[in-house]
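Residue-level structure breakdown
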Amino acid sequence: GWSYWHSYQSPLPYLLGRETAEEYVERDVPSIYVYEYVNRHLSPRDRILLLNDASQFYSRVPTLYSFTVEGEALLLERTEEGVLRRLKESGITHVLLNYNGLAPLPGVAPRRGVYFFLDQGFQQRHLEPIYARNNVTLYRLRSS
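Residue numbering note: each chain is counted from 1, following its sequence as written. Residue-level local features of this predicted model are given only where pLDDT is at least 70; pairs of side-chain atoms are given and counted only at 80 or more, and the full residue set underlies all totals for whole chains, interfaces and linings. The basis for the side-chain values is all heavy atoms of the structure; hydrogens and waters are excluded.

This brings us to the overall build of the chain. Per the convention used, a helix needs a DSSP run of H or I reaching at least four residues, while a strand needs a run of E reaching at least two, with both numbered from the N terminus. For the chain, the count of helices and strands is seven helices and five strands. Of all 144 residues assigned to the chain, the portion counted as buried reaches 42%. Working rule for contacts: check all heavy atoms of both residues, and any pair within 4.5 Å makes them a contact. Of the contacts formed within the chain by residues at least 6 apart in sequence, a portion of 56% connects residues at least 24 apart. What sets the accessible areas is the Shrake-Rupley method with a 1.4 Å probe; for residues, cover comes only from the shown protein chains. Summing over all exposed atoms, the chain offers an accessible surface of approximately 8500 Å²; the carbon and sulfur share of this is 54%. Throughout, exposure labels follow a simple rule: accessible area from a 1.4 Å probe, protein chains only, divided by the maximum for the residue type, with under 20% read as buried, over 50% as exposed, and the rest as partly exposed.

Shown next as structure tokens:
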């Protein structure tokens, strides 16, 4: 499986045509295949909340990176209802959750809203998984 803790690998196989651009990029961007899916199947009317993923430049669909002012407000919500309200206000139709390396950071205050997205009950009630690869899952918000 994919891990953030990988060692340097030469780009030679890509340069010699022995691997695709996606395979080369996958080494550092496990979500690359999910973005390919997004670009093929979603429209510019959709908007994706990115959790634990900062590779939004691969998406042709509008995104909301979780470490923006708007994303932070959503993830600081203390109730499920508050999170759902903020998702609706932000026009979020999908959630991309990158499970790779997901762990609390020392000295960083946890954003309570993140835990709702990790909760199986919340996922069953509000999120429909539509594509997953490399421990990255794209969910459709059920209320969309």
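So much for the structure itself; the text now carries on.
What follows covers the layout of surface pockets. Roughly 150 Å³ of volume is contained in the second largest pocket. In the cavity and pocket records, a cavity denotes points on a 1 Å grid over the protein atoms alone where a 1.4 Å probe fits but cannot get out, a pocket denotes an open set with protein on both sides within 12 Å along at least 5 of 7 lines, and lining residues are residues with an atom within 4 Å of a point. In terms of lining, the second largest pocket is formed by A21, E22, V25, I32, Y35, E36, N39, R40, Y58 and R60. The set of elements that each furnish at least two residues to the lining of the second largest pocket consists of α2 (21-26) and α3 (32-41). The residue inventory of the lining of the second largest pocket, partitioned by class, reads five nonpolar, one polar and four charged. Grid points are joined across faces, edges and corners, and a volume is the space filled by probe spheres set on the points. Residues are grouped as follows: nonpolar covers Ala, Val, Leu, Ile, Met, Phe, Trp, Tyr, Cys and Pro; charged covers Asp, Glu, Lys and Arg; every other residue, Gly included, is treated as polar.

A few words now on the pairing of strand β4 (residues 127-133). Along a regular strand, successive side chains alternate from one face of the sheet to the other. Note on pairing: two strands pair once DSSP finds at least 2 bridges between them. Here β4 runs beside strand β5 (residues 136-141); their pairing, made up of six bridges, is antiparallel. Looking at the pairing, Y131 lines up with L138 of β5. What sits between the antiparallel neighbours β4 and β5 is a turn of two residues, in which N134 has the positive phi angle 60°.

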